[in-house]
There are 6 protein chains.
Amino acid sequence: MPEFTHIENDRASMVDISEKKDVSRQATAGGRIYLRPETLDAIKNGDVIKGNVLATARVAGIMAAKHTSNLIPMCHPIPVSSVSVDFEFGEDESYIEAKCTAKTFGRTGIEMEALTGVSVALLTVWDMVKSAEKDEDGQYPETGIEDVHVIEKIKG
Amino acid sequence: MPEFTHIENDRASMVDISEKKDVSRQATAGGRIYLRPETLDAIKNGDVIKGNVLATARVAGIMAAKHTSNLIPMCHPIPVSSVSVDFEFGEDESYIEAKCTAKTFGRTGIEMEALTGVSVALLTVWDMVKSAEKDEDGQYPETGIEDVHVIEKIKG
Amino acid sequence: MPEFTHIENDRASMVDISEKKDVSRQATAGGRIYLRPETLDAIKNGDVIKGNVLATARVAGIMAAKHTSNLIPMCHPIPVSSVSVDFEFGEDESYIEAKCTAKTFGRTGIEMEALTGVSVALLTVWDMVKSAEKDEDGQYPETGIEDVHVIEKIKG
Amino acid sequence: MPEFTHIENDRASMVDISEKKDVSRQATAGGRIYLRPETLDAIKNGDVIKGNVLATARVAGIMAAKHTSNLIPMCHPIPVSSVSVDFEFGEDESYIEAKCTAKTFGRTGIEMEALTGVSVALLTVWDMVKSAEKDEDGQYPETGIEDVHVIEKIKG
Amino acid sequence: MPEFTHIENDRASMVDISEKKDVSRQATAGGRIYLRPETLDAIKNGDVIKGNVLATARVAGIMAAKHTSNLIPMCHPIPVSSVSVDFEFGEDESYIEAKCTAKTFGRTGIEMEALTGVSVALLTVWDMVKSAEKDEDGQYPETGIEDVHVIEKIKG
Amino acid sequence: MPEFTHIENDRASMVDISEKKDVSRQATAGGRIYLRPETLDAIKNGDVIKGNVLATARVAGIMAAKHTSNLIPMCHPIPVSSVSVDFEFGEDESYIEAKCTAKTFGRTGIEMEALTGVSVALLTVWDMVKSAEKDEDGQYPETGIEDVHVIEKIKG
């Protein structure tokens, strides 16, 4: 049976990392937001729009990565030593891809920080283009976040 | 060209909602986390594991929904009047589906709160089953968050 | 059987207050911290110590009251319109009593804010006198928080 | 005269721990919430109610313990390496007892984190059973938090 | 003698605004950061540097304005309905000027939000150009924030 | 050309400090708030007013210094080991001067924490004397924060 280290004596708790060693750790997570073609066009071809949407999402993602242990109940606070967030346009004109890399010299992995950074960066893109994505009924038939995953974890 | 109300005079800013009316508003967002079959089995068939994983994720999602305007830079603080988070198991034994419904009586829509609630609930499920999802190299080849979308927005 | 409005369909959720009316609401909570006689003497007779201990605890309690909905998962964010924190010395030289009054014009009661304000004010007193309360083994045989309760709730 | 290390040159300040050594540290705090017999019965005998009340309070307590240095003004941020929160029913059917154990490998004691975790866990129990504890006038004649104390501090 | 409404019965407390009316309110605050000529040149003439420095500072200022009541102890939480942050270069090549405008429909003025937004925006500019402003000893002989003031408050 | 370490590959990011050594670090920042003579007189000559204004501002500054990495997007979370905030009255009866000293044993400088501590302490003084500084039109013609600078950074 799989192991669930955050559940001990039948109760959720923060797994004890007191005895673990401080090690260099790094994680990269990625994810995509699917948008309307016109919205993507406006972002790709408009420096002002692109700059503002992506800069705002980048800052939000970096701040969220540092905030992870306040959002995810059993996450340990770890001394984040670097976070970066990057964006690329999908080849088929339908999505923006975000990647977040986080590093620490600490006692536990940093993948939740990278995943939180990517998720909040993508949510911020959504918020920044809300008015362009809503249909006449105020719904979002084409907008969606997909494929949020850990690309790579490195330890040591 | 699509409209970007969060960008004014070439700069990102919080759109002014001073003149909007307070109205009953509600939004429901959904999303899925794909997990290993053994992890899903352990959750479905183990009351202790299920209870702890899902209760922790529910609380995290509700708290995150209330915290949205601190995470998403241009989001307005709104008086959240209700948040709930629910989980269902996918029929094909490969994922857990989360839904978050948020309500307010306020001047702007509450879909970012519902989306943030769902996203953090799914990230918390991930964190709670990390030890069961990692392969021998510490990677997550099967884990992923998909299909984060707005199911419905209701106004008035 | 008693009613549990924060549990609906077998799940914890924030009770829906969308349909409730905005009303003037007020709550006062109280609580005590028991301390060593020498610590209490030093606080009562030393203006500098008293000023610093109680002013710091007052500010902490007021800030915590405003922060309640970020600490208590199912609490609604409410527009706190006033908070005050007060201290009195117990007659028998063994404790300090704190009271916190919070007010709002809102849709739900404000007693959790008053209770949180009192609790954090008392915890801050503890922190401020830690060095005076510890015994030679670093333990706190005499320190304790007691009688945290709601003195009065007023609605309308 | 007792020592007040958080007051220096007549002013409140965070005591300087730059020269202290990193050491394994652990603290356990406890406390009780007194409730109406019917409320306690409903919690003890109803799996759904018990599960939701205690799981929510546990998560809140763990998150609050990590948040301590943001609540208590002179508390140092410390790298919390583990937190757990547990509940027991009092023998005489009148209260629930909470315990919180926090661990760190750091330069200062972790008792304020354990005390904050217990306090917020008990406040969350209160919030979860509010509707069952209020009398017909909306008052709480029987509810109270008592005996919040440090059970044990361990260093090294 | 001047009035100090945040001090009542000899104690700091949040002034009671329960009886005040909701009114449209707006405040604009300004401030300057003085920088080395070479740093200013690099920002003015480098689109990449300018974009990143000012976009990051703008986002930080907007988020801080929303966070004001968590930073300033006696500030009321108010429903911020809009915040914007702008930058201009001083005519004499020695400083950047920031302005922050905040709006609310609420019971108390919003000038502390505007001032907090400007202050954090300027601190963020400083952080973004730290490496360019430090001299060989790691000191900042030329960097300084000046003239943080309220430009205008509008009520009704 | 000056170096901008927070901008890498044309994007804002937290500079990587993984490879830097933990070292004792200290920074002191200062700043002034100019006030009306009558306000300053009331503070200087009224123990109650002085005590409340300065104690509240001191606590706010210390808490803000610990909160710096949540306010300034590219700031690293660092283990703050001490913060103190002090006030002096200017010789010419026109301002209060604040100083904030912060210490850490960490991988990056602590001047942003000291600057944030001073800035929020001064903003809190402003908030505490708002009612005394406003003119009949609700404006602040005489109030201003000036000369926020780093007095000294010490490393090792």
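What counts and how
- Residues numbered from 1 in each chain as written.
- Chains lettered and ligands numbered in written order.
- Predicted model: local features only at pLDDT ≥ 70, side-chain atom pairs only at ≥ 80, totals over all residues.
- Heavy atoms only, no water.
- Buried < 20%, exposed > 50% of the residue type's maximum accessible area, 1.4 Å probe, protein only.
- Helix = DSSP H or I, 4+ residues; strand = E, 2+ residues; numbered from the N terminus.
- Arc of directions from axis to C-beta.
- Contact = heavy atoms within 4.5 Å.
- Buried area = accessible area lost by both parts, 1.4 Å probe.
- Nonpolar A, V, L, I, M, F, W, Y, C, P; charged D, E, K, R; others polar.
- Pairing = 2+ DSSP bridges.
- Least-squares fit on C-alpha atoms with pLDDT ≥ 70 in both.
- Salt bridge = Lys/Arg side-chain N within 4 Å of Asp/Glu carboxyl O.
- UniProt positions renumbered as here; feature names shortened; annotations may be inferred.
- Polar contact = N/O pair within 3.5 Å; in protein donor to acceptor, adjacent residues only side chain to side chain.
- Axes fitted to C-alpha atoms, helices over the stretch in contact; angles between N-to-C directions.
- Left-handed = near helix turned anticlockwise from the far one by under 90°.

Regarding helix H1 (residues 37-45) of chain E
All names here are of chain E.
Item 1. Along H1, the positions that sit buried rather than exposed are Thr39, Leu40, Ala42 and Ile43. For H1, the angular spread of the buried residues around the axis is 160 degrees, confining them to a single face.
Item 2. On the buried face of H1, the contacting elements are helix H2 (47-66), strand S4 (80-89), strand S5 (95-106) and helix H4 (111-133).

Points about the interface of chain F and chain E
Item 1. Contact with chain F, which involves 57 residues of that partner, is made by 57 residues of chain E.
Item 2. Summed over both partners, the interface of chain F with chain E comes to about 4600 Å²; 65% of that surface belongs to carbon and sulfur atoms.
Item 3. For the side of chain F that touches chain E, the secondary-structure elements that each account for two or more residues are strand S2 (11-12), helix H1 (37-45), helix H2 (47-66), helix H4 (111-128), helix H5 (130-133) and strand S6 (144-155) of chain F.
Item 4. Here the element with the most residues in the side of chain F that touches chain E is H4(F); it accounts for 11 residues.
Item 5. When its residues are assigned to classes, the side of chain F that touches chain E shows 30 nonpolar, 15 polar and 12 charged.
Item 6. For strand S6 (residues 144-155) of chain E and S6(F), the ladder comprises two bridges, and the chain directions are antiparallel. Within the sheet, the bridge partner assigned to Ile145(E) lies in S6(F) and is Val148(F).

Comments concerning the relation of the copies chain F and chain E
Item 1. Take chain F, turn it by 180 degrees, move it 0.0 Å along the axis, and it overlays chain E with an RMSD of 0.0 Å. Considering both components of the superposition, the chain copies are consistent with a two-fold axis. Distance from the rotation axis, computed per C-alpha, reaches its smallest value in chain F at Glu146(F): 2.2 Å.
Item 2. Interface overlap between copies: 100% of the residues of chain F at the interface are likewise at the interface in chain E, consistent with a symmetric, same-surface contact.

Remarks on the relation of the copies chain B and chain E
Item 1. Of the two same-sequence chains, chain B is brought onto chain E (RMSD 0.0 Å, axial shift 0.0 Å) by a rotation of 120 degrees. Between the two chains, the operation in question is that of a three-fold axis. Scanning chain B for the C-alpha nearest the rotation axis identifies Pro79(B), at a separation of 4.7 Å.

Things to note about the pattern of salt bridges
Residue and element names in this part refer to chain A.
Item 1. Taken as a whole and assessed by the stated rule, the structure comprises 48 salt bridges over all chains.
Item 2. The shortest N-O distance in the salt bridge between arginine 58 and aspartate 86 comes to 3.9 Å. One end of the pair, arginine 58, is in helix H2 (residues 47-66); the other, aspartate 86, is in strand S4 (residues 80-89), and 28 residues separate them in sequence.
Item 3. By relative accessible area, which is 25% here, aspartate 86 ends up partly exposed.
Item 4. A salt bridge links lysine 130 to aspartate 127; its shortest N-O distance comes to 3.3 Å.
Item 5. Lysine 130 sits in the buried class, given a relative accessible area of 14%.

Re the UniProt feature "domain: Molybdopterin cofactor biosynthesis C (MoaC)" (unreviewed entry) in chain A
Item 1. Under the UniProt annotation, "domain: Molybdopterin cofactor biosynthesis C (MoaC)" (unreviewed entry) lies at residues 14-156 of chain A.
Item 2. Strand forms 32% of residues 14-156 of chain A and helix 38%; the C-alpha atoms that close the span are 23 Å apart.

So, the interface of chain B and chain E
Item 1. Facing the 18 residues of chain B at the interface are 15 residues of chain E.
Item 2. Summing both sides of the interface, chain B and chain E together bury roughly 1300 Å²; the carbon and sulfur share of this comes to 54%.
Item 3. Broken down residue by residue, the surface that chain B buries against chain E is led by Arg11(B), Met14(B) and Pro73(B), which jointly contribute 35%.
Item 4. Taken together, chain B and chain E are joined by two salt bridges.
Item 5. Across the pair Arg11(B) and Asp86(E) runs a salt bridge, and its minimum N-O distance is 2.4 Å.
Item 6. Counting across the interface, chain B meets chain E through 11 residue pairs in polar contact (both at pLDDT 80 or more).
Item 7. Within the residue set of the side of chain B that touches chain E, elements represented by two or more residues are strand S2 (11-12) and helix H3 (68-71) of chain B.

A short note on the pairing of strand S3 (residues 23-34) of chain F
Residues and elements named next belong to chain F.
Item 1. Direction of pairing for S3 relative to strand S5 (residues 95-106): antiparallel, over a ladder of 12 bridges. For isoleucine 33, the partnering residue across the bridge sits in S5 and is isoleucine 96.
Item 2. In terms of strand pairing, S3 meets S6 through nine bridges, oriented antiparallel. Following the sheet pairing, tyrosine 34 is matched in S6 by glycine 144.

A few points about the arrangement of the chains
Item 1. Of all C-alpha pairs spanning chain A and chain C, none lies closer than 10 Å, and the two are not in contact.
Item 2. Kept free of each other, chain D and chain E leave a smallest C-alpha distance of 10 Å between them.

Details of the UniProt feature "active site" (unreviewed entry) in chain A
Item 1. Feature annotation in UniProt assigns "active site" (unreviewed entry) to the following positions: Asp127(A).
Item 2. Looking at where Asp127(A) falls in the secondary structure, it is placed in helix H4 (residues 111-128).

What about the sheet that holds S5(E)?
Item 1. Taken together, the eight strands give an open sheet; going across it, the order is S4(E)-S5(E)-S3(E)-S6(E)-S6(F)-S3(F)-S5(F)-S4(F), and neighbouring strands pair in antiparallel fashion. Looking at the sheet topology across the chains shown, the edges are occupied by S4 of chain E together with strand S4 (80-89) of chain F. Taken pair by pair, the neighbouring strands of this sheet meet at an average axis angle of 15 degrees, ignoring direction.
Item 2. On top of the sheet, H2(F) reaches S4 and S5 of chain F; it is set at about 150 degrees to S4(F), its chief contact.
Item 3. In this fold H4(F) packs onto S6 of chain E together with S3, S4, S5 and S6 of chain F, with an angle of close to 25 degrees to the strand it touches most, S3(F).

Things to note about the sheet that holds strand S6 (residues 144-155) of chain D
Item 1. The antiparallel open sheet is built from eight strands, whose spatial order is S4(C)-S5(C)-S3(C)-S6(C)-S6(D)-S3(D)-S5(D)-S4(D). Two strands in the sheet have a free side with no partner beyond their single neighbour: strand S4 (80-89) of chain C together with strand S4 (80-89) of chain D. When strand polarity is set aside, the average angle formed by the axes of neighbouring strands in this sheet is 15 degrees.
Item 2. Running at roughly 150 degrees to S4(C), helix H2 (residues 47-66) of chain C makes contact with S4 and strand S5 (95-106) of chain C of the sheet.

Structural notes on the environment of Ile62(F)
Residues and elements named next belong to chain F.
Item 1. Mapping isoleucine 62 onto the fold places it in helix H2.
Item 2. We classify isoleucine 62 as buried; its relative accessible area is 0%.
Item 3. Measuring from C-alpha to C-alpha, the distance between isoleucine 62 and glutamate 142 comes to 26 Å, with 80 residues separating the pair along the chain.

Focus: the packing of H2(A) against H4(A)
Residues and elements named next belong to chain A.
Item 1. In contact at an axis separation of 7 Å, H2 and H4 are set at 145 degrees when each is read in the N-to-C sense. Remark: the crossing between H2 and H4 carries right-handed chirality. Contact with H2, carried on its side by Asn52, Val53, Thr56, Ala57, Ala60, Gly61, Ala64 and Ala65, involves Glu113, Thr116, Gly117, Val120, Ala121, Thr124, Val125 and Met128 of H4 and no other residues of that element.
Item 2. In the contact of H2 with H4, the residues fall into nine nonpolar, six polar and one charged.

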